[in-house]
Amino acid sequence: MSVEPFLDPASPRMRFGAEMRRLREEARLSQAAVAARLGCTQTQVSRLEAATRTPSRSDAERLDRFYGLEGATSFTRLYHRILAKPGSPAWFMSWTEEIEPNALVLRSWDPLLVPGLLQTEAYARHIFINGPRAAPEEVEERVQARMRRQLILGRENSPLLLVLLDEGVLRRKVSSSEVMREQLSHLLEITQRPDVSIQIVDPECMAGLAGPFMIAKLPNGQPDTVHADSPVEGQVTDDPIYVASIWDRYEAIRQWAYPGHISTKKIEEARREWT
């Protein structure tokens, strides 16, 4: 099954790839020839041109040297515009732009908060407002970026989303009782979709205390990729040892998860408490 990348044609990353292709074709060079001069593989050049790989600083600098570019037309300038995309830190971009939109299955574990893909706007805004040194304009950028992330759930080929959620999240007050009722109502509504499953996990489960994570199953035989969160910087990797470790933890947590119909009742009970 092939899934087309979900990308904005006007995004800096798409422009980076299009400019790479234009300059290469003008110079009558093959992708292999460009790869040889840049010190990378033909596959890497192909993915950069197709905007399915986020360029690194070294990619941009080598391309500028190779094509003799500087100033407004440089790849380095486009690279900085990619990093400056509102709402998402640079380390998260490879997940939100390359992994999440193209996944066949997304599995998540969240011990503290409703996962971003299922948050209401009010719930997300309260989280960002109460972040350290949160400037108002930055809060709105991050809220809107989070809402845009959720568009993948409305697509024709949306990923199957399997959520494990600690029971304590249902009673952890985020903003007001009204916001919590709205958030839990949203969870109940979205569980009616055939491509979303939410299982509540018994709060006595110890295996998940290390923190939240996601596992993405990708198309075309690509390896599973994980995103593990932290207060400073998350990690996105397909390293087999790391992925296997996260899978082991996921399965250990899943053993403490209630079946779907009981999970729904848990959410309904918690919603009634937010009066």
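Since we're looking at a predicted model, the values are computed, not measured. Per chain, the residues get numbers from 1 upward, laid out in the order the sequence is written. Side-chain atom pairs in this predicted model are given and counted only at pLDDT of 80 or more, local residue features only at pLDDT of at least 70, and totals for whole chains, interfaces and linings cover all residues. Hydrogens and water molecules were not included; the side-chain quantities draw on all heavy atoms of the structure.

(A) Quick look at the overall build of the protein chain. Put simply, DSSP marks the helices as runs of H or I at least four residues long and the strands as runs of E at least two long, and each gets a number from the N terminus on. Scanning the protein chain for helices and strands turns up eleven helices and six strands. Looking at the protein chain as a whole, 44% of its 275 residues qualify as buried. We call two residues in contact whenever any of their non-hydrogen atoms come within 4.5 Å of each other. Counted over contacts in the protein chain with a minimum sequence separation of 6, partners at least 24 positions apart contribute 72%. Accessible surface area values rest on a Shrake-Rupley calculation with a 1.4 Å probe, where residue burial reflects the displayed protein chains alone. When the accessible surface of the protein chain is split by element, carbon and sulfur atoms take 51% of a total near 14,300 Å². Each residue is placed in one exposure class: buried if its accessible area under a 1.4 Å probe, protein chains only, is under 20% of its type's maximum, exposed if it is over 50%, and partly exposed if it falls in between.

(B) Up close: the nonpolar core. Definition used in this section: a nonpolar core is a set of buried Ala, Val, Leu, Ile, Met, Phe, Trp, Tyr and Cys residues joined via side-chain atoms within 4.5 Å. Counting 32 residues, the largest nonpolar core has Leu106, Leu118, Leu161, Leu170, Leu187, Ile198 and Ile267 as its most contacted members. Of all elements in the fold, only helix H6 (90-99), strand E2 (160-166), helix H9 (177-190), strand E3 (196-201), strand E4 (213-217) and helix H11 (260-273) reach the threshold of two or more residues within this core. With six residues, H9 is the single largest residue contributor to this core. Listed in part, the 16 residues of the second largest apolar core include Phe16, Ala60, Leu63 and Ile82.

(C) Expanded view of unusual backbone geometry. We note that alanine 51 has phi near 65°; this positive angle belongs to a residue other than glycine. Within the secondary structure, alanine 51 sits in the loop between helix H3 (42-49) and helix H4 (57-67). Judged by relative accessible area, which is 1%, alanine 51 ranks as buried. One non-glycine residue, asparagine 220, lies in positive phi territory at about 60°. Secondary-structure assignment places asparagine 220 in the loop between E4 and strand E5 (225-228). When its relative accessible area of 57% is taken as the criterion, asparagine 220 is described as exposed.

(D) Representation of helix H1 (residues 12-26) within the structure. Here the expected length of a helix is defined as 1.5 Å per residue gap, with one fewer gap than residues. With 15 residues, H1 should reach 21 Å at 1.5 Å per residue; the first-to-last C-alpha distance of 21 Å fits that figure. Buried within H1 are the following residues: Arg13, Phe16, Gly17, Met20, Leu23 and Arg24. Buried residues of H1, viewed axially, fall in a sector of 135°; they line one side. In the segment just after H1, arginine 28 is the residue with positive phi, at about 55°. It is the directions from the helix axis to the C-beta atoms that the arc portrays.

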